[in-house]
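Here are the chains, one letter per residue:
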Amino acid sequence: TKAVHDFKSADEALLLEKFNLIFLDYRISNQHTGRDLLLHAKRLNLKTPIVMMSAYKTRDNEIELRNLGVQDYLAKPFKLAEIDKILERFAS
């Protein structure tokens, strides 16, 4: 388990570490979004499942992100039970 709090740290982690599942917030900073990091992960040919989280969930945004490879999309605020379901789904 690793938590990072900015784009640079997340980018470095994608390059240097292996993950079983990534939870990615759509709003990272004023300069970068989770979409930016998702596109970078695609360029790296990363096969790790990614779950996007956002307080600004829209249907169009969800469709775009799923087309880019996001496996699940959580609207904030979410319940821990939703996280548990996702973890169970990807644990197998």
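Reference entry: report on the structure contained in this document. (Residues numbered from 1 in each chain as written. Predicted model: local features only at pLDDT ≥ 70, side-chain atom pairs only at ≥ 80, totals over all residues. Heavy atoms only, no water.)

Thoughts on the nonpolar core
Most often, soluble globular proteins keep nonpolar side chains buried together rather than apart.
Reasoning step 1: Core analysis: the largest hydrophobic core is formed by 17 residues, its most contacted members being L38, I50, M52 and L65.
Reasoning step 2: Every element with two or more residues in this core is listed here: α1 (7-16), β1 (22-25), α2 (34-43) and β2 (50-54).
Reasoning step 3: When residues of this core are assigned to their parent elements, the largest contribution, 4 residues, is made by α1.
Reasoning step 4: Excluding its chain neighbours within four sequence positions, the residues that come into contact with M52 are L24, D25, Y26, G34, R35, L38, L65, V70, D72, Y73 and L74.
Reasoning step 5: Grouped together as the second largest cluster of nonpolar side chains are 6 residues, V51, M53, L74 and I83 included. (Core = buried A, V, L, I, M, F, W, Y, C linked by side-chain atoms within 4.5 Å. Buried < 20%, exposed > 50% of the residue type's maximum accessible area, 1.4 Å probe, protein only. Helix = DSSP H or I, 4+ residues; strand = E, 2+ residues; numbered from the N terminus. Contact = heavy atoms within 4.5 Å.)

Observations concerning the side chain of T48
Reasoning step 1: Structurally, T48 is set in the loop between α2 and β2.
Reasoning step 2: The exposure class assigned to T48 is buried, which follows from its relative accessible area of 11%.
Reasoning step 3: Among the polar contacts made by the side chain of T48, one reaches the main-chain carbonyl oxygen of F19 at a distance of 3.2 Å.
Reasoning step 4: Look past the residues within four positions of T48 in its chain and what remains in contact with it is F19, N20, L21, I22 and Q71. (Polar contact = N/O pair within 3.5 Å; in protein donor to acceptor, adjacent residues only side chain to side chain.)

A short note on the pattern of salt bridges
Reasoning step 1: For the structure shown, the criterion picks out 7 salt bridges.
Reasoning step 2: Between E64 and R35 there is a salt bridge, and its shortest N-O distance comes to 2.6 Å. With E64 in helix α3 (residues 59-67) and R35 in helix α2, this pair connects stretches of sequence that are 29 residues apart.
Reasoning step 3: Its relative accessible area of 30% is what places E64 among the partly exposed residues.
Reasoning step 4: Its relative accessible area of 25% is what places R35 among the partly exposed residues.
Reasoning step 5: Linking R59 and E62 is a salt bridge whose minimum nitrogen-to-oxygen distance equals 3.6 Å. Pair noted here: R59 and E62 are both in helix α3, with a separation of 3 residues, about one helical turn.
Reasoning step 6: The class of R59 is exposed, set by a relative accessible area of 57%.
Reasoning step 7: Taking relative accessible area as the criterion, E62 reaches 9% and is therefore assigned buried. (Salt bridge = Lys/Arg side-chain N within 4 Å of Asp/Glu carboxyl O.)

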